[in-house]
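# Analysis of the macromolecular model
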Amino acid sequence: MVMRSEVIQNQNLYDFTKKWFAIAALFAAPVSFFYDAPFGRFAGKDQSGFPWVNGIKSWVVMESTSFIVCIFAYMTSPLSFKNYGHSPEISLSNPTAILSGLFLIHYTNRAFISPLRTPTRSKFHIIIPLTAITYTMVNGTLIGSYLSSPEAATFLTGAFSRPRFWFGIGLWILGFVGNIVHDEILFDLRRNPKPQAKAKSDGQDREDSDEEDDNNGKEKTPHYAIPYGYLYRFISYPNYFCEWLEWFGFALAAAPIPSLFHISSYQPPWVFLLTEVVTMFPRAYRGHQWYHRRFPDYPKERKAVIPFVV
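As the structure is a prediction and not an experimental result, all values here were calculated from the model.

Moving on, we come to the overall build of the chain. Along the chain, the regular secondary structure elements total eight helices and two strands. Along its sequence from the N terminus, the chain presents helices and strands in the succession α-β-α-α-β-α-α-α-α-α. Out of the 310 residues in the chain, the part that is buried amounts to 50%. Counting only contacts in the chain whose residues sit at least 6 apart along the sequence, the fraction spanning at least 24 positions is 82%. For the chain, the computed accessible surface area is about 14,500 Å², with 68% contributed by carbon and sulfur atoms.

In structure tokens, the structure reads:
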């Protein structure tokens, strides 16, 4: 009886959280068109002392949070009467285990591998890691809870025989690889800085060259230049675009397609995609404008984050 009560309480909290997690992102996103989060190119000139914190250490902490809480939620099955306190079957024959593995692979790269590969990372204002930890904790818990739930198990019954599942996995792989490839282009710019056309200062951005938003990081004064190659031919933020592709594929494989304007129908994989798009798009759009202000020879034909669209 106690276990049943706990599962019902967990389900109510889960439903409340996934709904308001999505709504909060939708309300916060418009603010980002007018306010630049204090990190990267918009960090400002004075980064001495508190509230500025070490970029690499902050990055590892805030990204590893999602990794840890997802494992905990998946291993304890908080929404399952049958498996409560235990994990679903962990094997390659279980689609939820495969999907959990993909989520953990992504965050292994983000939290532990990419920061070690990144040549430079400026400091973060303390508000950035604090808000990011909140986001990753909620998101990782929702994903782990969903993938260990009876709802996910029911939806994914027979998944291996459905083309949609494998198409989603394929999109995830394509987006994951694309994200790494385009990040590596940015890393090379920092490792091997080359003179480019003199950048303009508009009085609002950092005078020192700053880092690209590659979602990874190390702390120093970064080199800034115009990236070229692959999807940089078409957009300023292919790393963002590839990450959206990655999580679109994940959601397509993991959960039913929701009703567009019925927020309660969004399962956590779709909530994750929604929150990423609405929070990252303003950053990409503002950063794209920054490129054009900063570099007189910046390619005019490039869009911000979606090829040929915007």
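As a further point, take the nonpolar core. Grouped together as the largest cluster of nonpolar side chains are 42 residues, with contacts concentrated most on Leu99, Phe103, Leu147 and Phe250. The set of elements that each furnish at least two residues to this core consists of helix 1 (2–28), helix 2 (55–76), helix 3 (95–117), helix 4 (127–147), helix 5 (150–155), helix 6 (163–191), helix 7 (238–254) and helix 8 (268–294). Contact partners of Leu99, with chain neighbours within four places excluded, come to Leu147, Leu156, Phe165, Ile169, Phe250, Ala253 and Ala254. Among the nonpolar cores identified, the runner-up in size contains 13 residues, and Tyr237, Trp244, Met280 and Phe295 belong to it.

Relative placement of two packed helices is described by the angle separating their axes and the distance separating the axes. Here helix 3 crosses helix 7 at 160 degrees, and the two axes come no closer than 10 Å. Compared by their axis directions, helix 3 and helix 7 come out roughly antiparallel. For the pair helix 3 and helix 7, the sense of crossing is left-handed. Across the interface between the two elements, Leu99, Leu102, Phe103, His106 and Arg110 from helix 3 touch Glu243, Glu246, Trp247, Phe250, Ala253 and Ala254 from helix 7. Of the residues assigned to the contact of helix 3 with helix 7, the class counts are seven nonpolar, one polar and three charged.

We now examine the pattern of salt bridges. Using the criterion set out here, one finds five salt bridges in the structure. Between Arg191 and Asp188 there is a salt bridge; the shortest N-O distance is 2.8 Å. Of this pair, Arg191 and Asp188 both sit in helix 6, separated by three residues, roughly a single helical turn. Take Asp188: its relative accessible area is 36%, and that puts it in the partly exposed class. A cluster of three or more residues bridged by salt bridges with shared partners is formed by Arg117, Glu184, Asp188 and Arg191.

This paragraph deals with the packing of aromatic side chains. Taken as a whole, this structure holds 24 aromatic pairs when the rule is applied. Measuring from ring centre to ring centre gives 5.1 Å for Phe165 and Trp166, while their planes differ by 85 degrees; the resulting arrangement is edge-to-face. According to the relative accessible area criterion, Trp166 is partly exposed, its value standing at 45%. Linked through ring pairs, Phe103, Tyr107, Trp247, Phe250 and Phe272 together constitute an aromatic cluster. Residue placement shows Arg162 over the ring face of Phe155; its charged tip is 5.2 Å from the ring centre. Over the face of the ring belonging to Tyr228 we find Arg302, whose NZ or CZ atom lies 5.0 Å from the ring centre.

Structurally, the α-helix is built with 3.6 residues per turn, so residues lying three or four positions apart point the same way. With 27 residues, helix 8 should reach 39 Å at 1.5 Å per residue; the first-to-last C-alpha distance of 38 Å fits that figure. Within helix 8, 19 of the 27 residues are buried, leaving the element largely enclosed by the surrounding structure.

A few words on the layout of surface pockets. One number sums up the size of the second largest pocket: a volume of about 250 Å³. In this structure, the second largest pocket is lined by 17 residues; those nearest its centre are Asn83, Pro88, Asn94, Thr96 and Ala153. Elements with a contribution of two residues or more to the lining of the second largest pocket: helix 3 and helix 5. Taken together, the residues that form the lining of the second largest pocket break down as six nonpolar, nine polar and two charged.

A few words on the environment of Arg233. Among the secondary structure elements, Arg233 is positioned in the loop between helix 6 and helix 7. Judged by relative accessible area, Arg233 falls into the exposed class, the value being 60%. Along the primary structure Arg233 and Glu301 are separated by 68 residues, whereas in three dimensions their C-alpha atoms are 8.6 Å apart.

This next bit is on the packing of helix 7 against helix 8. Interhelical geometry of helix 7 versus helix 8 gives an angle of 165 degrees and a closest axis separation of 9 Å. Taken together, the axis directions place helix 7 and helix 8 in an arrangement best described as roughly antiparallel. Crossing geometry of helix 7 relative to helix 8 is assigned as left-handed. From helix 7, Tyr240, Glu243, Trp244, Trp247, Phe248, Phe250, Ala251, Leu252 and Ala254 reach across to helix 8, where they touch Pro269, Trp270, Phe272, Leu273, Glu276, Val277, Met280, Phe281, Arg283 and Ala284. Here the contact of helix 7 with helix 8 is composed, by residue class, of 16 nonpolar, no polar and three charged.

What counts, and at which threshold
Residues numbered from 1 in each chain as written. Predicted model: local features only at pLDDT ≥ 70, side-chain atom pairs only at ≥ 80, totals over all residues. Heavy atoms only, no water. Helix = DSSP H or I, 4+ residues; strand = E, 2+ residues; numbered from the N terminus. Buried < 20%, exposed > 50% of the residue type's maximum accessible area, 1.4 Å probe, protein only. Contact = heavy atoms within 4.5 Å. Areas by Shrake-Rupley, 256 points an atom, 1.4 Å probe, with all protein chains shown as cover. Core = buried A, V, L, I, M, F, W, Y, C linked by side-chain atoms within 4.5 Å. Axes fitted to C-alpha atoms, helices over the stretch in contact; angles between N-to-C directions. Parallel < 35°, antiparallel > 145°, perpendicular 65-115°, else oblique. Left-handed = near helix turned anticlockwise from the far one by under 90°. Nonpolar A, V, L, I, M, F, W, Y, C, P; charged D, E, K, R; others polar. Salt bridge = Lys/Arg side-chain N within 4 Å of Asp/Glu carboxyl O. Phe/Tyr/Trp six-rings, centres within 6.5 Å; stacked < 30°, edge-to-face > 60°. Lys NZ or Arg CZ within 6 Å of the ring centre and 35° of its normal. Expected span 1.5 Å × (residues − 1). 1 Å grid on protein atoms, 1.4 Å probe; cavity = no way out; pocket = protein on both sides within 12 Å on 5 of 7 lines; lining within 4 Å. Points joined across faces, edges and corners; volume = space filled by probe spheres on them.

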